[in-house]
Every structure is written in C-alpha cells, then in structure tokens.
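Chain by chain, the residues:
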Amino acid sequence: MKITAQQKITATDLFCIFLYKKTGAAILKKQFGKTISDGLVKEILARFKHKDFKGELGESLQIFVDRNPAKKIFLIGLGDGKKSLFAKKAAGSAVKIAKKTKSKDVSFLLPLLAGEGRGEVAENFAKKIVFGAVGGNYEFKIGDTKEQVFIEKLTLISPVKLDEKKISRDFALAEAVNTTRELVNLPPNILTTKEMVERAKKLVKKYKNLSITILDQKKLEKLKMGGLLAVGKGSDSDSYMVILEYKGDKKSPTRGGAQREKTALVGKGVCFDSGGYNLKPTSSIADMKMDMAGAGTVLGIMEFLARTKFAGNVVGVLGLVENMVNGKAYRPDDIITMYNGQTCLITNTDAEGRLVLADCLSYVTEKYKPAKVLDFATLTGACISALGNEITGIMGNDKKIVAGIKESAKKTEELVWELPITELFREKIKAEQADLQNWTAGVSAGSSMAGAFLENFVRETPWCHFDIAGTAWTKSGHEYCPKGGTGAMVETVCEYFSNNSLSY
Ligand code: BES
Ligand code: ZN
Ligand code: ZN
C-alpha cells in the first residue's frame, strides 16, 4: 500500500467520507465545503435527515451522486468520537468495504474533531486512521491468494494540510505491526528458529543502520547458556540468540555531546511450545506457534526504528528455541545452570519461556550495559486468566519506565495493567535444592511468579517485562486486525521511544 495526503479529491475507485454523529449543515459546509460538491453535501444531509445514516461507529452507507470523481461513495460513521479506538475501527471498517467492492485505489475524507481545527489534532486523528487502514489491509494466507484484494493506493484528504513526513512515519509504524503479525502467523514448520535468524538477517540487509550478531548453538554452548539450551535440547532445530544493534546516535561522549543511553529489547522466541515432557493437552497446544511473538515484537520495533532513523541506540535480542520432546529433551527434576551461574530446578518443562529470557537478559545486561531493558513474552496462561485478551500485563523494577509505558499506552489506546512482584513471590520462586525453580506448585499468581523469576537476571538494570500471552493473538479478529497475530505492544513501545527520545 502507498499512502499520500492532499486537500482536494481526485479520481478514485472508492471514496469514504468519515462523519461524526449528528454532523449538521454548518459543520459539513465549513469542513468539506471546499472539498466536495454541493450536490454531495446535500445528499449527505438528506441521509442524516431521513435517518438512513446516523454516523454511529460501525455504520456505513453507500450513496449515489452524479458528477463525482469517485466510482463509489460510502459514508463511514465515527460515532461521537468518544469511544476508545473509534478512528482505528472506522478506518478498518472502510478497508473491509474496499475489499468487498474490490477497490484498490481508495480515498478517505477525514473531518476535523468536533470543534477543533488545529493541525496537530488532525495529525493524531490521521495517525489512527492510517493504523486502522494498514492493519485492516493485512491478511495472512499461504496458498491460493487469487481472491485476495488489497488497497494499493490510499489518499487521505483532510481539510487541514497533513504533514507527509508524519504520515510516512505513521505508515512505517503500522507496517512494523504487520511485520510482527506475519511472523506470529507463520506456521512452525516454516518459521523455524533458523528461519527467524534469516528474517533478522534480511532486515539488517535492508537497513544499513542495523548490524547483527548471531550466537549459534555452538557459541551458546561455549558461553554456557544453560537456560536457553535446556529448552531447545528436545528439538531437531538448533537454538540461537540473535542480537540486532541499531545505532541512531553516533555521538561519542568523549568527543563532546552527550551520547544517548542504550535501550535493550529482549523477546521470547519459542517457535513452537509443545510444553516439553509436561506436554500441553490438545486445547492448549493449538496456536502455540505464536510463542515466538515476543521475538516478533522486537523485530517489528527494530524495523520501525531503523526505517524511521530513530535518534538513539537500541539493541534487540531474540532468544530462539523450540520446546519439543525427544530422548535429549530436558525433564522435570533436572537442575540446570543458567548463564549468570545461578542454578535452577526444573519443576515444569512448560515454564520454558523464563529460562530463555533469563539467559538473554543476563547476557545483554552484562555485555551491552543498557540503561534500561524491556522484554516481551507470551509467558503465562495466568496472565490471560488475570487480564484477558485485551490487556497486556506489565511489571518491573523501575517506576519511571512503567509510568512511561502506561503513558504511551494511553496515547495508542493499547491496554496495559501493572502486576506486582513482591517479596512473597521472590521467596516462593526459590528452591531447596537449587537457587531457583522455574515453577512452584500451588502458587496461582503465575504471571507475578514469572516476573519474580526474571528479576534475578536483569542485575541492577531498570527493567520492564511485558506478558503478551493474552494480547499477542486474537481468536476472533476485529475491524483492523484479522484472526491471529496482533502485533500487540509494537505501537506502544514505538510511541514510548518517540516520547522519551530526548533522554535516550
Ligand atoms: N507459552 C506458554 C504461555 C501461553 C499460554 C502463551 C497461552 C499464550 C497462550 C508458556 O510457556 C506456558 O506454557 N506457561 C505455562 C506455565 C506454567 C506451566 C507454570 C502456563 O501458563 O500454563
Ligand atoms: Zn510453555
Ligand atoms: Zn511458552
């Protein structure tokens, strides 16, 4: 898809006019008077008057007006502009109409928010529209794709001039989310650990400001990455740790000018989680290809940073393994030694993600000394029980990062909720025969227990953990995301980087 912005309507297959509830003649004339014909304004008013169209969120109506540069015209409801996600949802609905009507060249006419006319407001609105449109345009299929229709050209028409640079940035963000979705949707026989490495390599080839270090199985053994290796032992696929470095701030502190601090991102990349010897039952094993969503999130964010030339330094770590069963697989009762030297009693082979993350966290904090570290993982089913499928669980050791993430999530309308890590959980994750255990029978606060485990591996580094077990995947899909991978948290973290770019 290509997106451009302009103030005039030109020839198009599908013209979508976005309208708030109760849009009256005065507002229509004032906002769109110069953009659309009098005949069209009249027709819209008539549809409102006869209640054929009320402007409710989710509502759409085709209208027919002569002498218009569009082949088809639809009115799209925005509601009263107060419902969360209204702009994203409305844009997603418009894309669904484009697909149904097989329209590849589409124009959206965007109103101003009621009573406001500043460019900044229009741009925030446009950002959400772009997100909804690009997200809604995405589909996943391997096989016959002849029937699929995608918007190829989207023109945003706004009564206020939109900044093209910002639009292309919004577009990059929405496409980064789709990158993550695609990775999550790919089946485990195709997206193997090796294939994830290849995809990371491809990204580095595309963006010259990225570099890559690949720690293959041999190197991981040399480095004694006991946690990550234990999980991957039962698989025919090799395990890897991939480190992507993005350098957007080349200033050296010794040559004058303050170098921005480095941020580390770590992602759980379990390409398939069978549970290991604590094998998952049929209902839970389904969709466990998505257990690499944390690594997918990191790759999506890195793509956005590289593509938009973010002014800071970020290191992205992918812990890539497959949790399977064979004669070499790790077992309950094993005691393993983690990269940082701590020992861990395996009490449940299905609590594997924390073992992978732990080694990635110790390695990146030791070797790269980041000022902060964020990790992403489909870590616990307990997070789904606690928060459902729309809210990401966050926890950490640093109030400022957590507050910053909450602030960014408010802007993106993604939902996050902080879960506690307390002394109680820190005690309960300790083992008698080893320093730690990876699971404690009888403690139901599974997400906090996982957080208490991970905390041991970040050293003193300010840290925030994102449990995306519930949010990385949608069973039903919605207006701007099909069933499957969602790309949850990519938007919020990119927003966080943009907000905090001065301190980085
Ligand atoms: N990958 C799962 C968590 C998960 C569950 C992600 C559902 C997405 C949807 C994780 O590795 C796991 O199996 N966790 C166990 C931990 C338990 C054995 C302590 C869980 O949550 O059931
Ligand atoms: Zn598991
Ligand atoms: Zn898992």
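Novice: What is the right way to look at the pattern of salt bridges in this model?
Specialist: Two side chains carrying opposite charge are able to pair once their charged atoms lie near each other. Considering all chains together, one arrives at 27 salt bridges under this definition. Notably, a salt bridge pairs arginine 199 with glutamate 195, separated by 2.9 Å at the nearest N-O pair. Of this pair, arginine 199 and glutamate 195 both sit in helix 6 (residues 193-206), separated by four residues, roughly a single helical turn. One network of salt bridges, with partners in common, ties together Glu43, Arg47 and Asp52.

Novice: Looking at this structure, how should I read a nonpolar patch on the surface?
Specialist: On the surface, a nonpolar cluster with roughly 290 Å² of combined accessible area is contributed by Tyr277, Leu279 and Val325. Within the secondary structure, tyrosine 277 is located in the loop between strand 9 (262-273) and helix 9 (282-285).

Novice: Mind showing me how you'd approach the sheet that holds strand 1 (residues 2-6) here?
Specialist: In sheet architecture, strand pairing relies on hydrogen bonds along the backbone and comes in two forms, parallel and antiparallel. Overall, mixed pairing links the six strands, which are arranged 1-6-5-2-4-3 in an open sheet. Where the open sheet ends on each side, the last strands, each with one partner, are strand 1 and strand 3 (60-63). Across the sheet, the axes of successive neighbouring strands diverge by a mean angle of 20 degrees, strand direction being ignored. With seven bridges connecting them, strand 2 (residues 12-19) and strand 4 (residues 70-77) associate as parallel partners. The residue of strand 4 that forms the bridge with isoleucine 17 is leucine 75. Contacting strand 2, strand 3, strand 4 and strand 5 (105-109), helix 3 (residues 86-100) crosses the sheet at an angle of about 155 degrees to strand 2.

Novice: How should I be thinking about the packing of helix 5 (residues 164-185) against helix 10 (residues 293-307) in this particular structure?
Specialist: Helix-helix packing is described using two parameters, namely the angle between the two axes and the distance between the axes. It is the contact of helix 5 with helix 10, at a shortest axis distance of 8 Å, that shows an interaxial angle of 155 degrees. For the element pair helix 5 / helix 10, the angle class is roughly antiparallel. Like other packed secondary-structure pairs, helix 5 and helix 10 cross with a definite hand, here right-handed. For the pair helix 5 and helix 10, the contacting residues are Arg169, Phe171, Ala172, Leu173, Glu175, Ala176, Thr179, Thr180, Leu183 and Val184 in the first and Ala293, Gly296, Thr297, Leu299, Gly300, Glu303, Phe304 and Arg307 in the second. Each residue belonging to the contact of helix 5 with helix 10 can be placed in one class, and the counts come to nine nonpolar, five polar and four charged.

Novice: Even after reading the chapter, I still don't get the domain arrangement of the chain, so can you show me in this structure?
Specialist: Where the parts come together, the accessible area they lose is often given as the size of the interface. Partitioning the chain into structural domains gives domain 1 (2-160) and domain 2 (174-499). The gap between the C-alpha centroids of domain 1 and domain 2 is 38 Å. With 19 residues of domain 1 in contact, the opposing surface of domain 2 contributes 20 residues. Carbon and sulfur atoms supply 59% of the area that domain 1 and domain 2 bury against each other, a total of about 1700 Å² over both sides. Along the contact surface separating domain 1 from domain 2 lie three salt bridges. With a shortest N-O distance of 3.1 Å, glutamate 495 and lysine 127 are connected by a salt bridge. Joining domain 1 to domain 2, the criterion identifies twelve residue pairs in polar contact (both at pLDDT 80 or more). Of all the elements in the fold, those that place two or more residues in the side of domain 1 that touches domain 2 are helix 3 and helix 4 (119-137). Looking at the side of domain 1 that touches domain 2, the element that brings in the most residues is helix 4, giving eight residues.

Novice: I would appreciate a short explanation of the sheet that holds strand 10 (residues 313-323) in the present structure.
Specialist: Strand order in the open sheet formed by eight strands is 7-8-10-9-13-17-14-15, and the pairing between neighbours is mixed. The two strands at the open ends of the sheet, each matched to only one other strand, are strand 7 (210-215) and strand 15 (415-418). Each adjacent strand pair in this sheet contributes to an overall mean axis angle of 20 degrees, direction not counted. As paired strands, strand 14 (residues 391-396) and strand 15 are joined by four bridges and run parallel to one another. Paired with threonine 392 across the bridge in strand 15 is valine 416. Contacts from helix 10 reach strand 7, strand 8 (240-247), strand 9, strand 10 and strand 13 (372-377) within the one sheet, and its direction differs from that of strand 9 by about 140 degrees. Those strands touched by helix 15 (residues 446-454) are strand 13, strand 14 and strand 17 (463-467), and its axis lies near 145 degrees from that of strand 17.

Novice: When you look at the site of ligand 1 in this model, what are you seeing that I'm missing?
Specialist: In the vicinity of ligand 1 there are 18 residues, among which Lys280, Asp291, Asp350, Glu352 and Gly381 approach most closely. Within the side chain of lysine 280, an N or O atom sits 2.8 Å from an oxygen atom of ligand 1. At 2.8 Å from an oxygen atom of ligand 1 is found a side-chain nitrogen or oxygen belonging to glutamate 352. Its free accessible area being 510 Å², ligand 1 has 81% of it covered by the protein chains. Where the shell around ligand 1 is concerned, the elements lending two or more residues are strand 9 and helix 12 (381-387). Here the shell around ligand 1 gets three residues from one element, more than from any other, and that element is helix 12. Partitioning the shell around ligand 1 into residue classes produces eight nonpolar, four polar and six charged.

Novice: Is there a simple way to think about the coordination of the zinc ion (ligand 2) in this case?
Specialist: Each pair of donors in an ideal four-coordinate tetrahedral metal site encloses 109.5 degrees, whereas pairs in an ideal six-coordinate octahedral site enclose 90 or 180 degrees. Here the zinc ion (ligand 2) is held by the protein donor atoms Asp273 (OD), Asp350 (O), Asp350 (OD) and Glu352 (OE), which lie 2.0 to 2.2 Å from it. Taken together, the six donor atoms surrounding the zinc ion (ligand 2) define angles of 74 to 170 degrees at the centre, an arrangement classified as irregular. Each donor residue of the zinc ion (ligand 2) lies on the same chain, and together they follow the pattern D-x76-D-x1-E. The distance between the zinc ion (ligand 2) and the zinc ion (ligand 3) is 3.2 Å, with aspartate 273 acting as a donor to both metals. Of the two residues, aspartate 273 sits in strand 9 while glutamate 352 sits in the loop between strand 12 (343-345) and helix 11 (353-367), which places them 79 residues apart along the sequence. Look at glutamate 352 and you get buried, because its relative accessible area is 0%.

Rules of the game
- Residues numbered from 1 in each chain as written.
- Chains lettered and ligands numbered in written order.
- Predicted model: local features only at pLDDT ≥ 70, side-chain atom pairs only at ≥ 80, totals over all residues.
- Heavy atoms only, no water.
- Salt bridge = Lys/Arg side-chain N within 4 Å of Asp/Glu carboxyl O.
- Helix = DSSP H or I, 4+ residues; strand = E, 2+ residues; numbered from the N terminus.
- Patch = residues over 30% accessible without salt bridge, like charges linked within 9 Å, V, L, I, M, F, W, Y side chains within 5 Å.
- Areas by Shrake-Rupley, 256 points an atom, 1.4 Å probe, with all protein chains shown as cover.
- Pairing = 2+ DSSP bridges.
- Axes fitted to C-alpha atoms, helices over the stretch in contact; angles between N-to-C directions.
- Contact = heavy atoms within 4.5 Å.
- Parallel < 35°, antiparallel > 145°, perpendicular 65-115°, else oblique.
- Left-handed = near helix turned anticlockwise from the far one by under 90°.
- Nonpolar A, V, L, I, M, F, W, Y, C, P; charged D, E, K, R; others polar.
- Domains from an automatic or database assignment.
- Buried area = accessible area lost by both parts, 1.4 Å probe.
- Polar contact = N/O pair within 3.5 Å; in protein donor to acceptor, adjacent residues only side chain to side chain.
- Near = heavy atom within 4 Å.
- Donors = N, O, S within 2.8 Å, 3.2 Å for Na, K, Ca; no water.
- Tetrahedral: all angles 85-135°; square planar, octahedral: opposite > 155°, others 65-115°.
- Buried < 20%, exposed > 50% of the residue type's maximum accessible area, 1.4 Å probe, protein only.

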